[in-house]
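Structural characterization, general
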Amino acid sequence: MWRYVRLYLHFVRFSFSRAMEFRVDFFFRIFMDCLWYGVQFAFFRIIYLHTPLLGGWNLDQVIIFTAAFILLDAVNMTVFANNLWWLPFFINRGDLDYYLVRPVSPLYFVSLRDFAANSFLNLVMASAILWWALARYPQPLGAGRILIFLLLLGIGSILYYLIDMLFLIPTFWFHSHMGLREIGFQIRKYAERPHEIFTGWVRRTLVSAIPLALVASYPTWILFNGLTFERFAHILIVVCALFSFMVWFWNRGLRAYSSASS
Amino acid sequence: MTPRLFLRIVSMQVRKLMSYRMDFWINAVASFFVQLGVIYFLWQAIFRQTGRPSIGGYTFKGMIVYYLMVILLGKFVRGADNESQMSREIYDGSLTRYLVYPTRYFIFKYGERLGDLAPALMQLVLFGSFLPLFLRNSEIEISFQSVSMMVVTLAIANLLHYLLYCPVEGIAFWADNVWSLNVFMRLALGFLGGAFIPLSLFPEGAQRVLAFLPFPYIYSVPVNVLMGKLTVEEWLWSLAVAGGWCIVFGAITRVVWRRGDLQYTGVGI
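These numbers were taken from a predicted model, which means no experiment stands behind them.

This part takes up the overall build of chain B. Scanning chain B from terminus to terminus reveals 13 helices and two strands. For 269 residues, the compact-globule estimate of 2.2 N^0.38 gives 18 Å, and the C-alpha radius of gyration of chain B, at 20 Å, lies within 12% of that figure. With the C-alpha coordinates aligned to their principal axes, the bounding extent of chain B is approximately 60 × 45 × 35 Å. Per-residue burial for chain B yields a buried fraction of 53% across its 269 residues. Within chain B, residue pairs in contact and separated by at least 24 positions form 78% of the contacts whose partners lie at least 6 positions apart. Accessible surface computed for chain B: about 12700 Å², of which carbon and sulfur atoms make up 66%. Taking the average location of the 22 positive side-chain charges in chain B and that of its 15 negative ones, the two points are 4 Å from each other.

What follows covers the overall build of chain A. Check the secondary structure of chain A and you find twelve helices and zero strands. Moving toward the C terminus, one meets the helices and strands of chain A in the order α-α-α-α-α-α-α-α-α-α-α-α. A compact globule built from 262 residues would reach a C-alpha radius of gyration of about 18 Å, and chain A, at 19 Å, matches this within 12%. For the C-alpha atoms alone, the extent of chain A along its principal axes is close to 60 × 45 × 35 Å. When each of the 262 residues of chain A is scored for burial, the buried share is 56%. The long-range share in chain A, meaning contacts at least 24 apart out of those at least 6 apart in sequence, stands at 79%. Between the centroid of the 21 positive side chains of chain A and the centroid of its 13 negative side chains there is a distance of 4 Å.

If you look at the biggest cluster of nonpolar residues, it comprises 178 residues, and the most contacted ones within it are W43(B) and I197(B). Top contributing element to this core by residue count: helix α3 (residues 59-93) of chain A, with 17 residues. If we ignore the near neighbours within four places in the chain, the residues touching I197(B) are F43(A), I46(A), I47(A), W43(B), Y67(B), F191(B) and F202(B).

Moving on to the packing of aromatic side chains. This model, assessed by the stated rule, comprises 53 aromatic pairs over all chains. Ring geometry for F41(A) and W132(A): centres 6.1 Å apart, planes at 85 degrees, overall edge-to-face. Placement of the pair is F41(A) in helix α2 (residues 23-47) and W132(A) in helix α6 (residues 117-135), with a sequence separation of 91 residues. Judged by relative accessible area, W132(A) falls into the partly exposed class, the value being 42%. Here Y98(B) and F108(B) contribute two aromatic rings whose centre-to-centre distance is 5.3 Å and whose plane-to-plane angle is 65 degrees, an arrangement assigned as edge-to-face.

As a further point, take the pattern of salt bridges. All names here are of chain B. Summed over all chains, the structure comprises seven salt bridges over all chains. In this structure, K109 engages E112 in a salt bridge whose closest nitrogen and oxygen atoms are separated by 3.1 Å. On the criterion of helical spacing, the pair formed by K109 and E112 is a turn pair, its members being three residues apart in helix α6 (residues 105-115). Of the two residues examined, K109 and E112, each falls in the buried class.

Tracing the backbone shows H50(A) in the loop between α2 and α3. With a relative accessible area of 15%, H50(A) lands in the buried category. Apart from residues lying up to four places away in sequence, H50(A) is in contact with T50(B), R52(B), I55(B) and L201(B).

Turning to the confidence of the model for chain B, a few remarks are in order. For chain B, the average pLDDT comes to 87, and 95% of its residues sit at 70 or higher. We note a pTM of 0.88 for the whole complex and an ipTM of 0.89 for its interfaces.

Residues and elements named next belong to chain B. Along the chain, V147 falls in helix α9 (residues 144-170). Note: C-alpha distance between V147 and P222 (75 residues apart in sequence) is 9.7 Å. Residues within four places of V147 in sequence aside, it is in contact with I142 and L226.

Attention now moves to the interface of chain B and chain A. In this assembly, 42 residues from chain B lie in contact with 38 residues from chain A. Carbon and sulfur atoms make up 77% of the surface buried where chain B meets chain A, a total of about 3700 Å² over both sides. Inspection of the region where chain B meets chain A yields zero salt bridges. Run the count over chain B and chain A and you get four residue pairs in polar contact (both at pLDDT 80 or more). Those elements that place two or more of their residues in the side of chain B that touches chain A are α2 (21-50) and α10 (179-192) of chain B. Here the side of chain B that touches chain A takes 20 residues from α2(B), the largest share from any one element. Within the side of chain B that touches chain A, the residues separate by chemical class into 29 nonpolar, nine polar and four charged.

All names here are of chain B. Helix length check: helix α13 (residues 232-263), at 32 residues, gives a terminal C-alpha distance of 46 Å against a target of 46 Å (1.5 Å per residue), a fit within 8%. Turning to α13, its buried residues are W235, S238, L239, V241, A242, C246, F249, T253, V256, W257 and G260. Structurally, α13 contributes buried residues whose contacts are with α4 (85-92), α5 (95-99), α6, α9 and α12 (220-226).

A few words on helix α1 (residues 2-21) of chain A. All names here are of chain A. Between the first and last C-alpha of α1 there are 29 Å, a value that for 20 residues agrees with the 28 Å anticipated at 1.5 Å per step. When we look at burial in α1, the residues that qualify are Y8, F11, V12, S15 and A19. Along α1, the residues classed as buried sweep out an arc of 100 degrees about the axis, all on the same side. Set apart from the buried face of α1 by more than 90 degrees, the exposed residues are W2, R6, L9, R13 and E21. Next to the buried residues of α1 lie α2, α3, α5 (106-112) and α6.

Turning our eyes to something else, we now look at the side chain of D95(A). Relative to the assigned elements, D95(A) resides in the loop between α3 and α4 (97-100). Discounting residues that sit within four places of it in the chain, D95(A) has contacts with F90(A) and Y257(A).

Tracing the chain through its elements places Y108(A) in helix α5. Excluding anything up to four places from it in sequence, Y108(A) contacts Y4(A), L7(A), Y8(A), F11(A) and R113(A).

Analysis parameters
Residues numbered from 1 in each chain as written. Chains lettered and ligands numbered in written order. Predicted model: local features only at pLDDT ≥ 70, side-chain atom pairs only at ≥ 80, totals over all residues. Heavy atoms only, no water. Helix = DSSP H or I, 4+ residues; strand = E, 2+ residues; numbered from the N terminus. Rg over C-alpha atoms; globule rule 2.2 N^0.38 Å. Buried < 20%, exposed > 50% of the residue type's maximum accessible area, 1.4 Å probe, protein only. Contact = heavy atoms within 4.5 Å. Areas by Shrake-Rupley, 256 points an atom, 1.4 Å probe, with all protein chains shown as cover. Lys, Arg positive; Asp, Glu negative; His and termini not counted. Charge placed at Lys NZ, Arg CZ, Asp CG, Glu CD. Core = buried A, V, L, I, M, F, W, Y, C linked by side-chain atoms within 4.5 Å. Phe/Tyr/Trp six-rings, centres within 6.5 Å; stacked < 30°, edge-to-face > 60°. Salt bridge = Lys/Arg side-chain N within 4 Å of Asp/Glu carboxyl O. pLDDT = per-residue confidence, 0-100. Buried area = accessible area lost by both parts, 1.4 Å probe. Polar contact = N/O pair within 3.5 Å; in protein donor to acceptor, adjacent residues only side chain to side chain. Nonpolar A, V, L, I, M, F, W, Y, C, P; charged D, E, K, R; others polar. Expected span 1.5 Å × (residues − 1). Arc of directions from axis to C-beta.

Written out as structure tokens, the structure reads:
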């Protein structure tokens, strides 16, 4: 376990020195993420010019939800996104070989090797935005609820990574540079909207099989409505099931891997 | 460049794009329905909440048709989303090989871009077949005239989109990686171009300012032209503004690439 923690600290150190080599990109990326944050808030601001509620939430509640999703995305961009972007290319070009022969878990290596130092600054900004969103909420939320909310967002970021992986692992069989990346990219939009707007089987899917509602919307809903044992158990079961499935799927993919170029 | 060579470039690009047929179609079909699903539920919730028959000049059916068209026509405007190809070629030095080709770089690239439109056309035919479902009992009338006007608008929108990205890509002569700037552009075009929310829902002041900027001519105007929401006079005005921006960005591209050429060293060849 400690070996993996030490290894991760090395990854972080390498990533910071690499980021400093491409300074212009470092600032471009901060600039880009700031625009994305602005667009997220502006989107709901415009929607709320035409409706008082969305999925039962008022503007103040949606601002917290948006800030939560922004924080989650910043975590994803900092910790996982760079790594997952390259995964289909590694599989296709046979570069995955380099990770298979190392004395650490290949899944750990390909998922966490590249820590995006330039997004780390955005992670700090996103945390400040969430703090601002919580502070401006007109009613008291309570420290306990906020702590649970943050814990659930942590679980949400793991779910986000797991869902991303499910759309990239098919590259082992498809042999293209895309895998199902495009679908994965589009499907994330379900996590960017309050889950209460979805109805029927779509909502059931979003809280179970493809649990995008549990990423940010459900934690925000729990922040306003409280956490019960059933709700916590539900989240825990979904995370464990999805993690087990992803690891199984990854291992199946590795078996299908034929090291294309070596 | 001869028209024959230009067509050859277009057909080469079509074949390249269709080489991974299975995942191309899985991605295309699934992401279409996934995208439309989010939009459907979002606007269903809003219309149900407000109880109003129309918002920003669109009924619920009209809103779905608007987004459906943004998805399908947007593919014609954006091509295969290969914006970062030019900057990559500058970075890895493969730009050098175009210098010995018997053609100009930008015309070659535009030919490739037109080749990118073939899959978009197939998707338009496939997914456009859902359109009558939404047009029945709706206020939208798609006529021969609106389709003809839309084709012209779309051609200009495609060129404008290409020219908007060229100077951004040219920054790669000085900065190694411009991927973030491309994403920045895509976000700005999507939001201010009306792909995320119809521009008629924006505050009026913002709408007036946007009308003079290049953004609405990428998504909003082509779709509204097709939906018959623009008069012929408004359409001609939109073509003039979009054409003007094409000239402006063409000139900026020229300056950026001429200066960049002096920086280029073809490292990696």
